[in-house]
Amino acid sequence: MNQKSEFSVEGLRDYNRCGPVRWIISHCLEHKLYLFVGLFGFALTYIAFSGARVMFGRGAELIIEGGDAQAVIAVSLAVLILSVSDGLFALLGSMVMVILSTRVERDSRHELYASLLGKSQTFHDQQRVGDIMARATDDVRQLNFVIHPGIMFIFDMFLGFAVPMIYIAAINLELLLAPVIFVICYVFVVRRYMRRLEPVMMQQRMQYGTLSARLEETISGIEIVKVAAQEIEERKKFKRNAWKYRDFFVQQGKIEAAYLPLLMFGIAFGFFFLHCLNLYSRGILSIGDIIAVAGLMQVISFPVFISLFSISMIQLGIAGARRILELIEQRADIDENLAGHGAAVVGAIEFDHVTFKFHGSTVLEDVSFTVEPGQTVAIVGQTGSGKSTLTQLVSRTYDVDEGRVLIDGVDVRDWNLDRLRSQMGKIEQDIFLFSRSIADNIAFGVQNATAEEIENAAKEAQAHDFIMSFNDGYESEIGERGVTLSGGQRQRLALARAFLRQPRILILDDSTSAIDSATEDEIQKAMRRAQEGRTTILITHRLSQIRWADRIIVLENGRAIANGSHEELLRSSEHYRRIFARYGAVESPIGQLAAGGGA
Amino acid sequence: MGFIMDGLDAEEYDRIYSDWALVKRILGYFKSHLWKMLVVGAVVFLSSVMDLILPVVVSQALDQLQFSPEAFDPIGTSIILGVAASAGWVANMIRQWLSAEAVGDVTLDLREDAFNAVTERDMSFYDQYPTGKVVSRVLSDTQAFSETVRLSINLMSRLLLVVLLIIYLFTVNVNMTWVLMAIIPFIVYTALKFRTVARRTVTNSRRQLATVNAHIQESISGIGVAKAFRREQMIYDEFKTVNQESYEVEKINGFVFGSIFPILVTIAGLGVAAVVWFGINMAQQGILTAGEWFLFIQGMGMIWFPLTSISSFWSQFQLGLAAGERVFALIDAEALVKQNADDPVDQLEGEIEFVNMDFHYNEGEQVLKDFSLRIRPGETLALVGHTGSGKSSIAKLISRFYEFQQGALLIDGVDIRYFNLSSYRSQLGVVTQTPFLFDGTVMDNIRYGKPEASDEEVIEVAHQVGRGDWLASLQEGLETQVGERGNNLSMGQRQLVAIARVLLQDPAIFILDEATASVDPLTETLIQEGLDTLLGDRTSIVIAHRLSTIQHADRIIVLELGEIIESGSHDSLMAAGGHYATLYDSYFRHQSLEYIERMAG
Ligand SMILES: Nc1ncnc2c1ncn2[C@@H]1O[C@H](COP(=O)(O)OP(=O)(O)O)[C@@H](O)[C@H]1O
Ligand SMILES: Nc1ncnc2c1ncn2[C@@H]1O[C@H](COP(=O)(O)OP(=O)(O)O)[C@@H](O)[C@H]1O
Ligand SMILES: [Mg+2]
Ligand SMILES: [Mg+2]
């Protein structure tokens, strides 16, 4: 049952994941004591509850046949005690079940979350955040309801049938006829009912996930929606999805409306009463007995009545559990490899005939190169040629399909993932900032950074000044994904975040594209300092940076078509020269600037 | 309704409605289902009567059995029981069937209204409120609301039963009915007490769930960063705390809700004992028959259950109202961007004029100050300046995403406040700084702004962007799935799709906000060639750091801290030797091989 995982948590139990029901049960069994005490409490509840009905029979006998005051008090007192203990035992059972159900909710959300953290990027590329959200909150909450009151109702059903029937049998065995036939039909009908309801419930949950994911997407992209004036179109789409959900909801309502057992019970009660009357006319039953058994028969109606809700609840819960399991069970392709190589990174990187595919189509093909420790390698190439993807192989975000990526001579797959990644620093092209304070964002990559360190990193990244221009300085909260910052400001925060980490290998993926040249001048100085002594992989379109790289790799359509230092490439690579020629084509102010003594 | 909002992370746009206003509004949603609701009312009555028949018939049968057995017809009685049960069941079925439809439709209507409101809020709204919370208003709150409506219909039918039962019992025996009713105040009192507690715990529980939701949303969105920095442990620890807190709160909430029934059962138990005792005594005095006595005992059970439900679900009901209130607040939220009229916009010439404009997002962080700028129809204007100098903000103001504080913005000489925004924006073509793609194919995304465009048009436009070279790098060409937010494409590819999207729209005004920043210079030059012809006679605003892309602009504006410090053509600005020249110089130090060589050598 051991899955691969990029991240594991200590002390997390293994649950049975063979199916949603077993999974829920295995969660419940973690808290056996509660389960047992709960069962016990509910058993006593029903015994007391049904016992009170028997006492009613006694009371009726006292009325019809007469009895002394003492007997009356005895019966009343018995009813009092039984009714009160009915309530108290129910209280006990219910409290215990609450603990059980909330624990299961907590534990399963925990399990799901840990497993999500352990999944590889390949997995996350394919998920919609809105759907994951729906699963981790709503579906998990459904689990809570499965147990309380869901499972509680199962107890109810079981005990609610068994206990009164035992009492009835004690009064007259023959009277069991109607209830027994009813229970048999009930089991049969309920099974059919559940089979009809299940797909609707499952589809309903799935549609809810879709609805939530679509909504999340529209809101995230609201700027584009507005600017393209597509509000009407989005409304139509939303309406379509909401309609589908509505249909499943109504379908569920209609299936529930035709819940047969309620009708069956009414008819069974008619027969039961007839049977009683028959026994009475044969002198076997007294009126007191009829009152007692009629009361007992009504005890049975309670679980029948309740089962209408509990079945839906249980089915929703199972549907939820299935969706959660679906996520947990998806294969992760990368393992954190705890026993792997864990030395300090020196910084040599080697690509050895690497081929990489996204879903079967090749993105990198037979790429080979080496970078010495401390060197800076620049990767250039057209959009979509695979530059960003190449860096993701270094940090082992994805695994290669063929060939090897070696860090310090050790295949990244043999590295302890934690040791490997924690010694790298990366500025991704698509910068993600968390909606926390600026200070927290800069300090994201390290534990316990001091305010001073944070400030220094910000200064290096030329971010200090603009941060101080905000009302709350470093404590300013950034909106979701950093929406309240300008593009260049976001990049500078990401730079500060990477600088503060002091990594052995630094990966800069187009990290100054939104920054103006003057600001970049300053940043470049800091970057040079940061690059010193560490291996740097640099993706940029700025010649000045490329120029200073020790080695340049030219990618075209996933192939490394040239590789060498700037001078070498100028001499040997037609392609490389062509890139430079493009820059050269721009009308150049150099003459006048050079004449003016340069800058 | 204000009290219930205490602590339930109220947002600024939340407002307080009176209960009556809420109920009226909710009823308004049911208007179109009037006949359904009438039928529901009728069948609710019917099923209550049928539910009442069962105990009454049983009790009368018992009495007959005792006092006049010869006149008693056992089969007839049983048939009545069976028929009553069947009729009740059918009535119930109709009720559920119709109310499922009505509630489903009302929820749908409410969701639609909420969603429409969402699309109408302006950008500052989204800067302020995280996606997760808005989603939860549109989905969860409407859900909670509809649950409540369903519950209310259910309870209403039960309440009716109580009333009918008590009326009937009064005709049987007045004194016993009073004994029975003596317990009601205790039940109601206890349930109301619970309500106070329940309201607090349930509010906490929802707030905690929202926190869990927000945590998951953000950490999963940012999972890539967490992986790259190997900070899963930190995120996990945070989650554990949040989840544990949610557990504690939920447990208490569960205790409260789980104990209401048992405790009330206990109280009802006292009542039953009282009925038993008084009843037997009365019966022994001949005032009550055994059958009637049994009827009162059963009546006890039939009364306490609905009463308990109503009292304890009262908090649920309040919660539903509160959820409704949250949804209505979203629907009614005031737009910060205020339009004075809603005039449709004809074909625009493309003149844009900022008149003495002041603009800030947050008080005290001024972005534009006394800003004036006139862009002629057909002009290509380039904006350059440091990051954070306000370039994108100008673009956003032209898109009318934010409200400005002072001055005016005129489009073709008309105040932008008079436009119908949708028809105005459909003539704008904006490539935003961060490209956002929707899940679907590249083709879908290019077509986004003009859904009726044919495949051929899309293909043509796609080939106009950078001569279509970039299409070759897409795995399945235009049919490539871009993934959520376009994550499965490279950044540069996303920008190219965004450009194609705008080109297809064929707008009167182009705004390109660093639209090619992540594209390699080679591809960029190709795009530029294509754009030059397209932008030729249209108003266009180009923001870029690659000065090579803007030197052919008709006019270049240099911004610093929201003020225009220089303006003119490339040549004149170079000649002036001011900021632009310095910028250009530093840019060239970055980009020109020759220059770099010379400096190095
Ligand atoms: N997560 C992904 N899933 C599928 N395809 C991807 C993914 N990321 C990138 N690609 C594809 O791989 C190719 C290389 O992308 P990338 O490395 O980001 O290019 P760039 O050189 O511009 O950084 C592109 O064609 C892109 O569409
Ligand atoms: N949505 C927003 N909310 C608050 N402040 C913002 C928002 N967008 C931008 N800003 C601030 O306004 C200033 C100008 O930003 P912007 O116009 O994006 O600059 P740029 O010239 O780089 O495009 C910056 O200081 C930025 O932090
Ligand atoms: Mg890239
Ligand atoms: Mg900008």
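Residues numbered from 1 in each chain as written. Chains lettered and ligands numbered in written order. Predicted model: local features only at pLDDT ≥ 70, side-chain atom pairs only at ≥ 80, totals over all residues.

## What to know about the overall build of chain A
For chain A, the helix and strand inventory stands at 21 helices and 10 strands. Taken along the three principal axes of its C-alpha coordinates, chain A extends 125 × 50 × 45 Å. The burial tally for chain A puts 56% of its 599 residues in the buried class. In chain A, the proportion of contacts linking residues at least 24 apart, taken out of those at least 6 apart, comes to 80%. (Helix = DSSP H or I, 4+ residues; strand = E, 2+ residues; numbered from the N terminus. Buried ≥ 20, exposed ≤ 12 C-beta atoms within 10 Å, placed from the backbone. Contact = placed C-beta atoms within 7 Å.)

## Side note on the sheet that holds strand β6 (residues 428-431) of chain B
All names here are of chain B. With mixed pairing, the six strands of this open sheet are ordered in space as β6-β7-β8-β3-β9-β10. Each having just a single partner strand, β6 and β10 (563-568) make up the two edges of the open sheet. Each adjacent strand pair in this sheet contributes to an overall mean axis angle of 15 degrees, direction not counted. Alignment of strand β7 (residues 509-513) against strand β8 (residues 539-543), held across five bridges, turns out to be parallel. (Pairing = 2+ DSSP bridges. Axes fitted to C-alpha atoms, helices over the stretch in contact; angles between N-to-C directions.)

## Considerations on the confidence of the model for chain A
Summary statistics for chain A give a mean pLDDT of 85 and a share of 96% for residues scoring 70 or more. Between residues 584-599 of chain A, whose pLDDT stays under 50, and residues either more than four places distant or in other chains, the model counts 24 contacts. (pLDDT = per-residue confidence, 0-100.)

## Quick notes on the domain arrangement of chain B
Its domain assignment divides chain B into domain 1 (2-332) and domain 2 (380-403 + 421-600). The straight-line distance from the C-alpha centre of domain 1 of chain B to that of domain 2 of chain B is 56 Å. (Domains from an automatic or database assignment.)

## Description of the sheet that holds strand β2 (residues 366-375) of chain B
All names here are of chain B. Sheet architecture is open: four strands sit in the order β2-β1-β4-β5, paired in antiparallel fashion. Each of the sheet's edge strands pairs with one partner strand only, and the pair in question is β2 and β5 (414-415). Two elements, strand β1 (residues 352-360) and strand β4 (residues 406-411), share five bridges in a ladder whose sense is antiparallel. Residue pairing across strands places D358 opposite Q406, the latter belonging to β4. Packing of helix α11 (residues 391-398) onto the sheet brings it into contact with β1, β2 and β4, and relative to β1 it is tilted by some 115 degrees.

## Notes on helix α17 (residues 517-531) of chain A
Residues and elements named next belong to chain A. Counted at 1.5 Å a residue, the expected span for α17 with its 15 residues is 21 Å, and the 19 Å between its end C-alpha atoms agrees. Within α17, burial applies to S517, T519, E520, I523, Q524, M527, A530 and Q531. Just downstream of α17 lies G533, where phi reads positive at about 75 degrees. (Expected span 1.5 Å × (residues − 1).)

## Looking at the interface of chain B and chain A
Contact residues are listed per partner, giving 153 residues for chain B and 160 residues for chain A. Looking at the side of chain B that touches chain A element by element, the count peaks at 26 residues for helix α9 (residues 232-284) of chain B. A class-by-class count of the residues in the side of chain B that touches chain A yields 72 nonpolar, 58 polar and 23 charged. (Nonpolar A, V, L, I, M, F, W, Y, C, P; charged D, E, K, R; others polar.)

## Quick look at the site of ligand 1
Taken together, 19 residues surround ligand 1, and among them F358(A), K387(A), S388(A), T389(A) and S490(B) come closest. Of the chains in the model, those with residues near ligand 1 are chains A and B. Put simply, the parts of the chain that give the shell around ligand 1 at least two residues each are α11 (387-394) of chain A together with α16 (491-505) of chain B. At three residues, the largest contribution of residues to the shell around ligand 1 is made by α11(A). Taken together, the residues of the shell around ligand 1 break down into four nonpolar, 13 polar and two charged. (Near = placed C-beta within 6 Å.)

## With respect to the packing of helix α2 (residues 32-65) of chain A against α9(B)
Taken N-terminus to C-terminus, the directions of α2(A) and α9(B) make an angle of 20 degrees; their axes are 8 Å apart at the nearest point. With respect to α9(B), the axis of α2(A) lies roughly parallel. α9(B) is crossed by α2(A), and the crossing has right-handed handedness. In this structure, α2(A) contributes G59(A), L62(A) and I63(A) to the contact, and α9(B) contributes V276(B), I280(B), A283(B) and Q284(B). Here the residues of the contact of α2(A) with α9(B) are counted per class, giving five nonpolar, two polar and no charged. (Parallel < 35°, antiparallel > 145°, perpendicular 65-115°, else oblique. Left-handed = near helix turned anticlockwise from the far one by under 90°.)

## Overview of the environment of L52(B)
Residues and elements named next belong to chain B. Relative to the assigned elements, L52 resides in helix α3 (residues 34-67). Note on L52: 20 C-beta atoms within 10 Å, which makes it buried. It is 9.4 Å that separates the C-alpha atoms of L52 and G299, two residues lying 247 residues apart in sequence. Excluding residues within four positions of it along the chain, L52 makes contact with L161, L164, L165 and Y168.

## Regarding the site of ligand 2
Of all residues adjacent to ligand 2, which total 19 residues, the nearest are S486(A), Y361(B), K391(B), S392(B) and S393(B). Ligand 2 is flanked by residues contributed from chains A and B. Put simply, the parts of the chain that give the shell around ligand 2 at least two residues each are α16 (487-501) of chain A together with α11 of chain B.

## Quick look at the domain arrangement of chain A
The parts lose accessible area when they come together, and the size of an interface is often stated as this lost area. According to the domain assignment, chain A contains domain 1 (20-329), domain 2 (345-423 + 505-522 + 532-587) and domain 3 (429-502). A separation of 51 Å is found between the C-alpha centroids of domain 1 of chain A and domain 3 of chain A.

## Concerning unusual backbone geometry
Residues and elements named next belong to chain A. In this structure, H353 takes a positive phi of about 45 degrees despite not being glycine. Mapped onto the elements of the fold, H353 is located in strand β1 (residues 349-358). We note that Q462 has phi near 60 degrees; this positive angle belongs to a residue other than glycine. As for its position among the elements, Q462 is in the loop between α14 (451-460) and α15 (464-468). With 25 C-beta atoms packed within 10 Å, Q462 lands in the buried category.

## With respect to helix α9 (residues 260-281) of chain A
Spanning 22 residues, α9(A) covers 32 Å between terminal C-alpha atoms, matching the ideal 32 Å at 1.5 Å per step. Among the residues of α9(A), those classed as buried are P261(A), F265(A), G266(A), A268(A), F269(A), G270(A), F272(A), F273(A), H275(A), C276(A) and L277(A). Where α9(A) is buried, its residues meet α6 (177-220) and α10 (287-329) of chain A together with α3 and α4 (74-120) of chain B. After α9(A) finishes, the residue G283(A) shows a positive phi value of roughly 75 degrees.

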